[in-house]
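# Overview (structure and organization)
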Amino acid sequence: ANDLAVCRSTTSDGCTSAAERQAMLRKIGANVRRIVRRIRQRAGYRGRIVLMRYYSLDYNSASVNGVTRATNKAAYDAAKPYRVRVADGFGEWRAASEHSGNNPCTAGLLAQLGQPGKCDVHPSWSGQGLLAQALARALTR
């Protein structure tokens, strides 16, 4: 997600062009591949590695969900050869947001910024708890 934030802040159109988006997804894939490969090969770690699917900031927005899904796919595709499990943070948050109009901010999953309806991109304590549940599910499969 940090690569997406960098793309949005360093491009004139906020990373909305197809070329910029594809470059960003390639960078995410390369970064994840490098990290997981080093864990497996350099460190020799043979235990479980779990990749967390990012949550959406707005489940009502097709464009936000599309970018989130593409980011998740790029990360998973890069890590797949290294025997990773996947924790579904995206799905956990979607289900938990349904009662609040599919809005993770309103659902209390994102850190509040002091005004109703104003949230940060980072999870609140509740949001972190849901991600931990997704992780636990992935570990027990």
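This text gives an overview of the structure that appears in the document. Because the structure is predicted, anything quoted here is derived from the model rather than measured.

## Some details on the packing of aromatic side chains
All told, the structure shown has two aromatic pairs when counted by the stated rule. Geometrically, the ring pair formed by Tyr 55 and Trp 93 is stacked, given 3.8 Å between the ring centres and 15° between the ring planes. Highlighted residues: Tyr 55 in the loop between β1 (50-52) and α3 (62-79) and Trp 93 in helix α4 (residues 89-97), separated in sequence by 38 residues. Using a relative accessible area of 0% as the deciding quantity, one classes Trp 93 as buried. Ring geometry for Tyr 59 and Phe 90: centres 5.1 Å apart, planes at 70°, overall edge-to-face.

## Examining helix α1 (residues 2-10)
Taken together, the buried positions of α1 are occupied by Asp 3, Leu 4 and Cys 7. Projection of α1 onto a plane perpendicular to its axis shows the buried side chains occupying an angular sector of 100°, all on one side. Turned more than 90 degrees away from the buried face of α1, the exposed residues are Asn 2, Ser 9 and Thr 10. Summarising the contacts, the buried residues of α1 are in contact with α2 (18-42) and α3.

## Some words on the environment of Pro 104
Residue position: Pro 104 is located in the loop between α4 and β3 (110-112). Along the chain, Pro 104 and Ser 124 lie 20 residues apart, while their C-alpha atoms are 10.0 Å from each other. Among all residues touching Pro 104, those that are not within four sequence positions of it are Ser 56, Leu 57, Asp 58, Tyr 59, Trp 93, Ser 97, Leu 109 and Leu 110.

## Focus on the pattern of salt bridges
Counting across every chain of the model gives three salt bridges. We note a salt bridge from Asp 88 to Arg 53, for which the minimum N-O separation is 3.8 Å. Of the two residues, Asp 88 is situated in the loop between β2 (85-87) and α4 and Arg 53 in the loop between β1 and α3; the sequence distance between them amounts to 35 residues. The closest approach of N and O atoms between Lys 73 and Asp 77, which form a salt bridge, is 2.5 Å. Remark: Asp 77 and Lys 73 occur in helix α3; sequence separation between them is four residues, near one turn of the helix.

## A look at the nonpolar core
By size, the foremost hydrophobic cluster in this structure holds 17 residues, and its most contacted members are Met 24, Ile 28, Val 32, Val 36 and Ala 79. Looking at this core, the elements that each hand over two or more residues are α1, α2 and α3. What Met 24 contacts, discounting residues up to four positions off in sequence, is Asp 3, Leu 4, Cys 7 and Cys 15. In this structure, Ala 96, Cys 105, Leu 109 and Leu 131 belong to the second largest nonpolar core, which totals 11 residues.

How each quantity is defined
Residues numbered from 1 in each chain as written. Predicted model: local features only at pLDDT ≥ 70, side-chain atom pairs only at ≥ 80, totals over all residues. Heavy atoms only, no water. Phe/Tyr/Trp six-rings, centres within 6.5 Å; stacked < 30°, edge-to-face > 60°. Helix = DSSP H or I, 4+ residues; strand = E, 2+ residues; numbered from the N terminus. Buried < 20%, exposed > 50% of the residue type's maximum accessible area, 1.4 Å probe, protein only. Arc of directions from axis to C-beta. Contact = heavy atoms within 4.5 Å. Salt bridge = Lys/Arg side-chain N within 4 Å of Asp/Glu carboxyl O. Core = buried A, V, L, I, M, F, W, Y, C linked by side-chain atoms within 4.5 Å.

Purely geometric stuff here, so don't read any function into it on its own.
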